[in-house]
Structures are given as structure tokens and as C-alpha cells.
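Breakdown of the fold
For reference, the chains in residue letters:
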Amino acid sequence: MWKSSNWASLFPTKTSFVVFVLYIALSMNHGLLVKLSQDKGTYNYNVVSVIILTEVIKLVISLFLFCKDNPLRNIIDQTRENYTVLFLYMVPALLYCLYNNLAFVNLSIFDPTTYFILLQLRVILTGIVYQCLFKKDLSKIQWLSLILLTIGCMIKELKMEGSIRQQSYGFFISILLMLIQILCSCLAGVYNEYLLKKGQGVNVNVYVQNIYMYTDSILCNVLLWITFKHNETESNVSETDIFKNSMVMFIVINSAIYGVVTSLLLHSLNSIMKVFATAIELVLIAVLSWVLLGYPITLQTMSAVCIVSCSVVIYAKHPLTKSTLPATISNKNLVNI
């Protein structure tokens, strides 16, 4: 019955459809849960601690997946032979550390709809980076999609400018923080591809690479946590125990599962379907932000969502041609979010 339907061309199996739906739900959940966990735009818990706990869960998942088919000692053996890879992954780990922490900061400034729309600017930065570094010229239709994306983001920004200026950060600082977060994501992705193209990580098991990534990420976040903890001690800032905060635990579990589901999405479908999911997500996040958080759906919001959604769909149908990566590497890596 499933194969005879029109859905078969998009979703080869029922499992792939379930993964697609889960990806959209978990992605939206992250923004909504973080927003719901705020108290007047601030957090009564240590954000870095939440990220560290999430990374630990991802590390455990990677260890479990590796040990399912391999003895634990193989990790030590592969590390001895490819110890440089462990240190090379410190670069994307640091970038993702900044990205994850800035996600909480930016979600305290922007409403979820605006946040997700502005996050799509990474498509523009990625396109520019690939054109400059990898000599991948963008076609006219690709530039059209990027222009539409820019227009959509500008429409949404104009709506938010007045309200953000009334907050402590200021409009331009808010946009700057958002751009830094996006830049971290783009640079981490480009670095990973550069690392794989140079061949340093090709001989290392994909789950071992994940273990390296999350180990380095935990180290980066621990250093950041020590710095923040010192500042909090001096200013006598109280902190709620994250294990007693149900909303925080939902955020941790959602983020960890989201990383696994994203890897399954790329494995069972493809990156283009991931972009289509983003377009659907933009529409749903606007509706849910109105229902759950009371953010109104204005004409500007509807226009921005429609334009950005059309842009990412056009771009997905005419993607940049990248060099082929090993399937086991490009499809099975857990995602750092």
C-alpha cells in the first residue's frame, strides 16, 4: 500500500516518513522549549551546563553505537594510529560550542519565528564560502534564491527592529550575535568537508569521529563553564539545579535525540529533504509561536515565511555541486546542535 502511493517517490519507506516528521518536530521543539524555559527573557539555570549534559548524552550514544559492532579497545587502537584527528576535531568542536551557546542567547532576544528565519542566512554564507574557497560558481537561479532569502530576512528584521532596540542588547548587537552563530555553523561545516577531503579522517570509524567531536566539545564547554561559574560566584547569581528542572531536562533530551534523528534523515533520505523540512518548519513555528507563546502572525511575518520558504526550496532544487564524500561519513555523523 505504501509503495503504491505518491508518497513513495519522496519517502521510500514508512520509517523514512516517520524520521522526516520527527526531524521537524524536534527542531521546532528546541526553539519553543528554550523560549518556554525563560523567565522574562533570562534563564534561571546555567546554559553551559545544559549543553555539556547534552554533549555527554551524544557521546554515550556514539560509544553505544560503536561498541555494538566493535570491541571498546578498538577506540584506543584507532586513536593511537590517528591521534592527530582527535586534535583536528577541536576546531569544529570549538565552533559548535560557540554556536550552541549563542543559540540560547539569541533565543532570549528573538521570538522563535524570527530566530529560525534569520538562521537561514547560513545558506547565503555557505554559498559565498564555497564560491570563494572551493571555486564553486553560483548559477543565476542560486543567486535568485539567495536574493529572495535576503529579502525575506530583511522584511522580518524590519518588523523586529523597533522592539529589539528597547531591549538591553540593541538592534545591531543582536544581529551581530546572530551572524556570529551562523558563521560558526558555516565554518564548522566547511572545515569538516576540508578535513575529509584532505583524508585525515577517512580511515577512522565514523562513530569514533563522533566520539572525538563530542569529547572535544565537552572540553570546550567545560572551559566555558568554569569561566561563567567564576563570574556567577562573584556576582552571587543563583542557579537552579538542572536535574530538578523538568523543562531543562526536556531541552537536553530533545537536543540529543534531534542529533540522532538528523543523522537518520540524511541516511534514509537526503539533504534536499532536510531543506524541505526547514520550509515546513518555518510555517509551523510561526503558528505554534502564536498558539503557545502569544506572538502574533502579522502580514510581515507571513510574507517573510513565504519568501524564505520559497527561497530554500529553490536552492534545494539547484544545490551547490560538492565533491563526493564517503557515504558512511557524510550520512552517519551525529549532528552537533
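Residues numbered from 1 in each chain as written. Predicted model: local features only at pLDDT ≥ 70, side-chain atom pairs only at ≥ 80, totals over all residues. Heavy atoms only, no water.

1. Section: helix α5 (residues 90-107)
The first and last C-alpha atoms of α5 sit 26 Å apart over 18 residues, in line with the 26 Å expected at 1.5 Å per residue. Most of α5 is tucked away, with 13 of its 18 residues classed as buried. (Helix = DSSP H or I, 4+ residues; strand = E, 2+ residues; numbered from the N terminus. Expected span 1.5 Å × (residues − 1). Buried < 20%, exposed > 50% of the residue type's maximum accessible area, 1.4 Å probe, protein only.)

2. Section: the environment of Tyr43
Inspection of the secondary structure puts Tyr43 in the loop between α1 (14-36) and α2 (47-67). Between the alpha carbons of Tyr43 and Val105 there is a distance of 9.6 Å; along the sequence they are 62 residues apart. When near neighbours in sequence (up to four residues on either side) are disregarded, Tyr43 contacts Val34, Ser37, Gln38, Phe104, Leu107 and Ser108. Side-chain polar atoms of Tyr43 contact the side chain of Gln38, separated by 3.0 Å. (Contact = heavy atoms within 4.5 Å. Polar contact = N/O pair within 3.5 Å; in protein donor to acceptor, adjacent residues only side chain to side chain.)

3. Brief notes about the side chain of Gln38
With respect to the helices, strands and loops of the structure, Gln38 is situated in the loop between α1 and α2. Classification of Gln38 as buried rests on a relative accessible area of 14%. Engagement of the side chain of Gln38 in a polar contact is seen with the backbone oxygen of Leu107, the distance being 2.9 Å.

4. Quick look at the confidence of the model for the protein chain
Residues of the protein chain with pLDDT of at least 70 account for 73%, and the chain-wide mean is 76. The least confident element of the protein chain is helix α14 (residues 327-332), whose mean pLDDT is 41; the most confident is α5, at 92. Below a pLDDT of 50 lies the segment residues 233-238, which in the model reaches 1 contact outside its immediate sequence neighbourhood of four places, other chains included. Below pLDDT 50 for its whole length, residues 322-332 participates in 24 contacts with residues either more than four positions away or in separate chains. (pLDDT = per-residue confidence, 0-100.)

5. Quick word on the pattern of salt bridges
Counted under the stated rule, the structure contains 1 salt bridge. Lys58 is paired through a salt bridge with Glu55; the nearest N and O atoms lie 3.7 Å apart. Of this pair, Lys58 and Glu55 both sit in helix α2, 3 residues apart, which is roughly one turn of the helix. For the pair shown, Lys58 and Glu55 are each scored as buried. (Salt bridge = Lys/Arg side-chain N within 4 Å of Asp/Glu carboxyl O.)

6. With respect to the nonpolar core
Grouped together as the largest cluster of nonpolar side chains are 75 residues, with contacts concentrated most on Tyr45, Val50, Phe104 and Tyr115. Beyond its immediate sequence surroundings of up to four residues, Phe104 is in contact with Val34, Tyr43, Tyr45, Val47, Val50, Ile51 and Ile251. (Core = buried A, V, L, I, M, F, W, Y, C linked by side-chain atoms within 4.5 Å.)

7. Describing the environment of Ile52
By the secondary structure assignment, Ile52 is in helix α2. Separated by 162 residues in sequence, Ile52 and Tyr214 place their C-alpha atoms 9.5 Å apart. When near neighbours in sequence (up to four residues on either side) are disregarded, Ile52 contacts Asn221, Val222 and Trp225.

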